[in-house]
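# Structural characterization, general
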Amino acid sequence: MSPFECQFRFSPPMFPEEEHEVGVPVAKKFIQHCWRTWWKAHASLLITTEARKQVADRKMRRAPTFWPGQVTWNELAQNVYQK
């Protein structure tokens, strides 16, 4: 299973023969197994992504609100170095 397939739920066929429906029962079972594996991997990636986001966002703070003309630390530092 490629990362592309995990992300987009689609793996483009490499050969034109792969695009047609297969009438072999074993092949259909294999395809179903692949889809189940993909769903499990995709669900696991979503859960892991959300968990990592929560850990990363723990220490995040809301940005302060600024209004036009307000002096900020960045402007003060630039004024000190320019003089």
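Definitions and cut-offs
Residues numbered from 1 in each chain as written. Predicted model: local features only at pLDDT ≥ 70, side-chain atom pairs only at ≥ 80, totals over all residues. Heavy atoms only, no water. Helix = DSSP H or I, 4+ residues; strand = E, 2+ residues; numbered from the N terminus. Buried < 20%, exposed > 50% of the residue type's maximum accessible area, 1.4 Å probe, protein only. Areas by Shrake-Rupley, 256 points an atom, 1.4 Å probe, with all protein chains shown as cover. Salt bridge = Lys/Arg side-chain N within 4 Å of Asp/Glu carboxyl O. pLDDT = per-residue confidence, 0-100. Phe/Tyr/Trp six-rings, centres within 6.5 Å; stacked < 30°, edge-to-face > 60°.

Right, let's get into the overall build of the chain. Scanning the chain from terminus to terminus reveals three helices and zero strands. Counting helices and strands in the order they occur from the N terminus, the chain gives α-α-α. For the chain, buried positions account for 4% of its 83 residues. Summed over all atoms, the accessible surface of the chain reaches about 8,400 Å², with 62% contributed by carbon and sulfur.

Time to look at the pattern of salt bridges. Applying the stated criterion across every chain, the model contains one salt bridge. Notably, a salt bridge pairs lysine 53 with aspartate 57, separated by 2.6 Å at the nearest N-O pair. With lysine 53 and aspartate 57 both in helix 2 (residues 25-57) and four residues apart, this pair spans about one turn of that helix. Residue lysine 53 is classed as partly exposed on the basis of its relative accessible area of 45%.

Scored by pLDDT, the chain has a mean of 79; 75% of the residues are at 70 or more. Here helix 3 (residues 73-82) stands out as the element of the chain with the lowest mean pLDDT, 68, in contrast to helix 2, whose mean of 90 is the highest.

What follows is about the packing of aromatic side chains. As enumerated under the stated definition, the model contains two aromatic pairs in all. When the ring of tryptophan 35 is compared with that of tryptophan 38, the centres are 6.0 Å apart and the planes differ by 75°; the resulting orientation is edge-to-face. Remark: tryptophan 38 and tryptophan 35 occur in helix 2; sequence separation between them is three residues, near one turn of the helix. Taken together, a centroid distance of 4.7 Å and an interplanar angle of 80° make the contact between tryptophan 38 and tryptophan 39 edge-to-face. With a relative accessible area of 1%, tryptophan 38 lands in the buried category.

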